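Examining the three-dimensional arrangement
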Amino acid sequence: MDSEVLFLFLQQGIASGIVSGSVYALLALAIVMIFKTSEVPNFAQGEVFMVAAYAALFLIVFYGLPMWVVIPAALLFTVAGMMLFEAGILRRVKKALGEPVNLVIATLGLSFLLRGLVRQTGLGDTPRSFPSLVSTDPVQIGQAMLTRLDLAIVGTAVAVMAAVFLLFNFTRAGRAMRALGMNPKAAALVGIDIRRTHAFVWGLSGLVSAISALLIAPKILMTPEMGHVAILAFAAAIVGGFNSLPGAVLGGFIIGIAENLVGLFVSASAIVVTPFLAIMAVLVLRPQGLLGGRPQMRKV
Amino acid sequence: MGMRSVRAALLGGVLAMAGGLTALAQEVGVTPDRVRIGMFAPLSGPSAAYGQDVLNAARMWFDKINREGGIHGRQIEAVVEDDRCNANDLVAAVKKLVEQSNVFALNGGSCSAAVVAASDYVVRNRVPLVMLNASGDGALFPPNDYIYGAFSISQHAAGGSAVEFAARHFNARRIAYVNHDDAYGAWNLNAAKFQAERRGAGLNVQSISPNITDVTAPMVRLRAANPEVLVIMTYARPAALIIRKAMELGYRGPIVVAVNATADLRQMVANGGGPEAFRNVYIQEVLADLPGSARLQWVYDMYRQAYPQLASQEGRPQVYMPYGLPSAMSVTRALEAAGPELTREKFLAALQGLDFDSGVMAGPIRFGPRNRAAQQAAIYIKYDGATMERVPGSFASDWRFE
Amino acid sequence: MIEVENLTLRFGGLVAVNDLSLVVRPRTIHALIGPNGAGKSTTFNCISRLYRPTSGRIRVLGRDVSGLRPQDLAPLGVARTFQNLELFGGLSVLENVLIGAHVHCGGGLRERLAARPPAVIGHVEHLLERVGLAEFRHAQASALDFGRQKMLELARALAIRPRILLLDEPAAGLRNREIGALDRLLNELVERDGLTVLLVEHVMQLVMAISHRVTVMNFGARIAEGTPAEVRRDPLVVEAYLGQEAAHA
């Protein structure tokens, strides 16, 4: 491979990797924020992401509503749905069967339920395209080819990440969420409203997932399986450190860039394997993740 | 009764039994006036669109033959089961047809993966199986004595034909080829490579996962090789993504699309970036001509006559309906060629020798000593989202199993 | 302030607390002592609502608290510390104390978003000064040494602006100098700020020095109650402790 092509591939790999990475990062953020506060890895995160996109599509296709109505409606719908799940089902499961395993199973159940619901509406029968707010006119960055939509995706994602970061680190509500994740017993005793904080975190996670869904939907064609992308988000969270919000973001970008570079320099069929190789490398070399702090051991 | 009469009675009884045994010695599923064919296809469930009308078309052909007097005085009796397009239900349907309905031969299968699952059973029990519209490469290569299929087109031939079209019609020497990294992808690539070599063209291959969401990497690689034609052998969703990405990367050359499991072309245009992205796109088609053409009118007329109520419904006939005809034609022609003393062996030998033009498909239905895949050719239709324009001629895949 | 009436707690067949009654008067320091396994911590956990009593009643500030959850105590004005420390390790010293003050911040959106709610930041800074942690305000809680961590937990408890302090072995693990500082602080809290303190303790030095009243438990039941001096002389108490020593001799 001559150096010109090499350089082109490098630029394209990084540029495209940042675009898809920013979406993985958002979804990973949504997963990690729930895990940090309630110790539950939410295996329905991908389906929530998928339902948000389909909810928007539903409003567009069946009611012909304009985008400035559809987007807030879809976001609201997702937030409400997540909070409903947390309050209605997860809390009951926790009360009845406290162990974390059962909560995880509850999220798995939710993922099946959501996928089934979408299939029922018939919207999932054929891949659908989602209208884009931003044009797909090509934009050249160095030698890499992106589109205006790509730039909008990265910009919005970074803005959301910044907002989440500010929320968590510089507000009272954020402090309560972090405290709850660190020490639920103490959190209760200082009077933090546990229920409300959990509901808030789930709602926030739903919001971030929905935003990432609406960002990426115009780019990827919607099917009921589009929630698969959550696997990459989990990989990102593991690479970055499952307890670390900045880790989730870093992991997302790493996975996105790695995928693209592997696809360009190795082969297209190797792309699927990349996230899992990244996970294995992290687990062997630095199991707590890149930004995971010290490896923690806990008595079980 | 005397000893003589007892002996006579015994002799009479033995002769009667011998006569009965001779009657039993006749082939399974065959009587002097009937031959029983076991049919199966997805008749319900999400994949019903791949099977219902295909099976209906096969049956209407059998009905026509029956009306004209049958074959060697025998009427074709069809017994029908629903395979729901999955391996478990299909194997169960096949077993039921063979063991309970005692059919002479099987004529069924619209879903490749499911039908291949029954091949073990069929071969072990020596029951002839003529697939309906499944491509079924997994059961056809290497060839065995009992299974015949690919009446629409084999996965191998789909790849070979697309490359033949790219090389011959566009005189292309640099062909970009995108397939999936699964078994089907390996099959179509096999024949595609053979065809490219034969035509002196070079293939630049990118094999992608069916779940892929970002096609940037493989497309950038292809683009860097500056292809003259882009051939896409994927499912509908990745195909649309590829077409879109090709346009984004500034590729304006011809794109040949051989899409698996799609019927909704208009949706693909919408998903693929609209008419602008479809300025130079050719769709692979295995029928003899455009679906609305005069040449195929008789097929749809026949359907309307046979099923007037169905034909009046929305969405009928289903897209794949005509594919049932070459399959049923093969069954009736082989029954004819096997002669009045009908056995499974004679039927299978007759199948192997078939070589005829069904009037429905792009190429002849042709088997051979080492070939169980019937149809190897396709036509190509330029489609820009609004109009369809057929490229004259048909393009066949030359690859054969060694 | 705190009225425990006939408190009983059974864990299956084991009776951890047996018909215990005690009263903690306002503006006093009341100590709950007894040999290991006497049921002190269990009683404590019932009062702070981490355990549910099998029978009996607990009234705090005149209210029956048997039905309350642990998070209902802070708004009531009851704060508690833990023997093994339950800090928010990953947060800074300042943030730990700020969290204690959450109950006093308004519920409005503005207050929820503010990082340093003006309503409470002054009080929080003052508390840090008072426990001697002002210079460590930005250090991570888990990085402090044990003695300072205990003070931090106390400061966090005080941020709740409690009327009642429940202290679980506050002197455990402290050096003599630190015990002295604790002694002074607790006295100040009661005399100057009018708090009421109930503490479980093993370190007799502290108990005898600062308690107004002492309740002694053994085998889940109260065996003695009175001023520190009275209790020290009580033969039952001596036997309970000596018996313990004899068993360990």
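Residues numbered from 1 in each chain as written. Chains lettered and ligands numbered in written order. Predicted model: local features only at pLDDT ≥ 70, side-chain atom pairs only at ≥ 80, totals over all residues. Heavy atoms only, no water.

1. Focus: the overall build of chain A
- Along chain A, the regular secondary structure elements total eleven helices and two strands.
- The C-alpha radius of gyration of chain A comes to 19 Å, within 12% of the 19 Å expected for a compact globule of 300 residues.
- The principal-axis extents of the C-alpha atoms in chain A amount to approximately 65 × 50 × 35 Å.
- Looking at chain A residue by residue over its 300 residues, the buried ones come to 55%.
- Pairs at least 24 residues apart make up 75% of the contacts formed inside chain A by residues separated by at least 6 positions.
- With an accessible surface of roughly 13000 Å², chain A has 70% of that area assigned to carbon and sulfur atoms. (Helix = DSSP H or I, 4+ residues; strand = E, 2+ residues; numbered from the N terminus. Rg over C-alpha atoms; globule rule 2.2 N^0.38 Å. Buried < 20%, exposed > 50% of the residue type's maximum accessible area, 1.4 Å probe, protein only. Contact = heavy atoms within 4.5 Å. Areas by Shrake-Rupley, 256 points an atom, 1.4 Å probe, with all protein chains shown as cover.)

2. Details of the overall build of chain C
- Looking only at helices and strands, chain C features ten helices and ten strands.
- For 249 residues, the compact-globule estimate of 2.2 N^0.38 gives 18 Å, and chain C sits close to it at 19 Å.
- When its C-alpha atoms are laid out on the principal axes, chain C stretches across 55 × 40 × 35 Å.
- A burial count over chain C gives 52% of its 249 residues as buried.
- By sequence separation, contacts in chain C at least 24 residues apart represent 68% of the contacts at least 6 residues apart.
- Entry remark: accessible area of chain C is about 11000 Å², with carbon and sulfur atoms responsible for 49%.
- Mean positive and mean negative side-chain charge positions of chain C (29 and 26 charges, respectively) differ by 4 Å. (Lys, Arg positive; Asp, Glu negative; His and termini not counted. Charge placed at Lys NZ, Arg CZ, Asp CG, Glu CD.)

3. A word on the sheet that holds strand β15 (residues 388–396) of chain B
Residues and elements named next belong to chain B.
- Sheet architecture is open: seven strands sit in the order β8-β7-β9-β10-β11-β14-β15, paired in mixed fashion. This sheet does not close on itself; its edge strands, each paired only once, are β8 (202–208) and β15. Sheet twist, expressed as the mean angle between neighbouring strand axes with direction ignored, is 25°.
- Across the sheet, helix α7 (residues 155–170) is in contact with β7 (174–180), β8, β9 (229–233), β10 (255–257), β11 (281–285), β14 (377–383) and β15; its angle to β15 comes to roughly 110°.
- Strands in contact with helix α8 (residues 183–199) are β7, β8, β9 and β15; relative to β7, the strand with the most contacts, it is inclined by about 165°. (Pairing = 2+ DSSP bridges. Axes fitted to C-alpha atoms, helices over the stretch in contact; angles between N-to-C directions.)

4. What about the interface of chain C and chain A?
- In this assembly, 30 residues from chain C lie in contact with 23 residues from chain A.
- For the pairing of chain C and chain A, the buried interface totals around 2300 Å² over both sides, and the portion due to carbon and sulfur atoms is 59%.
- Run the count over chain C and chain A and you get three salt bridges.
- A salt bridge links Lys185 of chain A to Glu86 of chain C; the shortest N-O distance between them is 3.4 Å.
- Seen at the junction of chain C and chain A, the total is four residue pairs in polar contact (both at pLDDT 80 or more).
- Going through the elements one at a time, α3 (93–100) and α4 (109–113) of chain C are the ones with two or more residues in the side of chain C that touches chain A.
- The element contributing the most residues to the side of chain C that touches chain A is α3 of chain C, with four residues.
- Partitioned by chemical class, the residues of the side of chain C that touches chain A number 16 nonpolar, seven polar and seven charged. (Buried area = accessible area lost by both parts, 1.4 Å probe. Salt bridge = Lys/Arg side-chain N within 4 Å of Asp/Glu carboxyl O. Polar contact = N/O pair within 3.5 Å; in protein donor to acceptor, adjacent residues only side chain to side chain. Nonpolar A, V, L, I, M, F, W, Y, C, P; charged D, E, K, R; others polar.)

5. Some thoughts on the side chain of Glu47 of chain A
Residue and element names in this part refer to chain A.
- Here Glu47 lies in helix α2 (residues 45–63).
- A distance of 3.4 Å separates a polar atom in the side chain of Glu47 from a polar atom in the side chain of Arg115.
- Residues contacting Glu47, with those up to four places away along its chain left out, are Ser111, Leu114, Arg115 and Gly227.

6. A word on the domain arrangement of chain C
Residue and element names in this part refer to chain C.
- According to the domain assignment, chain C consists of domain 1 (1–77 + 162–249) and domain 2 (86–161).
- Measuring from the centre of the C-alpha atoms in domain 1 to the corresponding centre in domain 2 gives 26 Å.
- Opposite the 21 residues of domain 1 that make contact, domain 2 presents 13 residues.
- Summed over both sides, the interface between domain 1 and domain 2 buries roughly 1200 Å², with carbon and sulfur atoms accounting for 68% of that surface.
- When the buried surface of domain 1 facing domain 2 is broken down by residue, Ala74, Pro162 and Leu185 rank first, second and third, together holding 37% of it.
- Counting across the interface, domain 1 meets domain 2 through two salt bridges.
- Notably, a salt bridge pairs Arg130 with Glu188, separated by 3.0 Å at the nearest N-O pair.
- Our count for the domain 1 to domain 2 interface comes out at five residue pairs in polar contact (both at pLDDT 80 or more).
- Of all the elements in the fold, those that place two or more residues in the side of domain 1 that touches domain 2 are α2 (73–76), β7 (164–168) and α7 (176–191).
- Ranked by residue count, the leading element in the side of domain 1 that touches domain 2 is α7, at six residues. (Domains from an automatic or database assignment.)

7. Looking at the nonpolar core
Residue and element names in this part refer to chain B.
- Among the nonpolar cores identified, the biggest contains 106 residues, and Val94, Phe104, Leu106, Val231, Leu335 and Phe347 are the most heavily contacted of them.
- A per-element tally of this core places helix α2 (residues 52–67) first, with eight residues.
- Excluding its chain neighbours within four sequence positions, the residues that come into contact with Val94 are Phe40, Leu106, Ala118, Tyr121 and Val122. (Core = buried A, V, L, I, M, F, W, Y, C linked by side-chain atoms within 4.5 Å.)

8. A look at the confidence of the model for chain C
Residue and element names in this part refer to chain C.
- Per-chain confidence: chain C averages 84 in pLDDT, with 94% of residues scoring 70 or above.
- Looking over chain C, one finds the lowest element-wise mean pLDDT in helix α10 (residues 235–248), namely 67, and the highest in β7, namely 91.
- Reported for the predicted complex are a pTM of 0.79 and an ipTM of 0.79. (pLDDT = per-residue confidence, 0-100.)

9. Things to note about the interface of chain A and chain B
- Taken residue by residue, the interface counts 26 residues in chain A and 25 residues in chain B.
- Counting every contact that joins chain A to chain B gives zero salt bridges.
- In terms of residue count, helix α1 (residues 3–38) of chain A provides more of the side of chain A that touches chain B than any other element does, four residues in total.
- By residue class, the composition of the side of chain A that touches chain B is twelve nonpolar, twelve polar and two charged.

10. Regarding the pairing of strand β9 (residues 213–218) of chain C
Residue and element names in this part refer to chain C.
- Most of β9 sits out of view: five of its six residues are buried.
- As defined by bridge partners, strand β3 (residues 29–33) adjoins β9 across four bridges and the pair is classed as parallel. By the bridge assignment, Leu32 is partnered in β9 with Thr215.
- With antiparallel pairing between neighbouring strands as the criterion, β9 and strand β10 (residues 221–226) make up a hairpin whose turn holds two residues, including Phe219 at a positive phi of roughly 50°.

11. A closer look at the state of the cysteines
Residues and elements named next belong to chain B.
- The final tally for this structure, using the stated rule, is one disulfide over all chains.
- In this model, Cys85 is linked to Cys111 through a disulfide, with the two sulfur atoms separated by 2.0 Å. For the disulfide bridge between Cys85 and Cys111, the dihedral angle about the S-S bond is near -115°, and by the sign convention the bridge is left-handed. Of this pair, Cys85 sits in the loop between β3 (75–82) and α3 (87–100) while Cys111 sits in the loop between β4 (105–108) and α4 (112–117), and the two are 26 residues apart along the sequence.
- Judged by relative accessible area, which is 9%, Cys111 ranks as buried. (Disulfide = S-S within 2.5 Å.)

12. Details of the packing of aromatic side chains
- Within this structure, the stated rule accounts for 24 aromatic pairs over all chains.
- Ring centres of Phe9 of chain A and Phe265 of chain A lie 5.8 Å apart, and the angle between their planes is 70°; this geometry places the pair in the edge-to-face category. Linking Phe9 of chain A in helix α1 with Phe265 of chain A in helix α10 (residues 245–265), this pair joins segments that are 256 residues apart in sequence.
- Taking relative accessible area as the criterion, Phe9 of chain A reaches 3% and is therefore assigned buried.
- Measuring from ring centre to ring centre gives 6.3 Å for Phe141 of chain B and Phe401 of chain B, while their planes differ by 35°; the resulting arrangement is tilted. Linking Phe141 of chain B in the loop between α6 (137–140) and β6 (147–148) with Phe401 of chain B in the segment after β15, this pair joins segments that are 260 residues apart in sequence. (Phe/Tyr/Trp six-rings, centres within 6.5 Å; stacked < 30°, edge-to-face > 60°.)

13. Examining the pattern of salt bridges
Residue and element names in this part refer to chain B.
- Counting across every chain of the model gives 36 salt bridges over all chains.
- A salt bridge links Arg198 to Asp398, with the shortest nitrogen-to-oxygen separation between them at 3.3 Å. Residue Arg198 is located in helix α8, and its partner Asp398 is located in the segment after β15; the two are separated by 200 residues in the primary sequence.
- In this structure Arg198 comes out as exposed when scored by relative accessible area, which is 54%.
- The partly exposed category is assigned to Asp398, whose relative accessible area is 28%.

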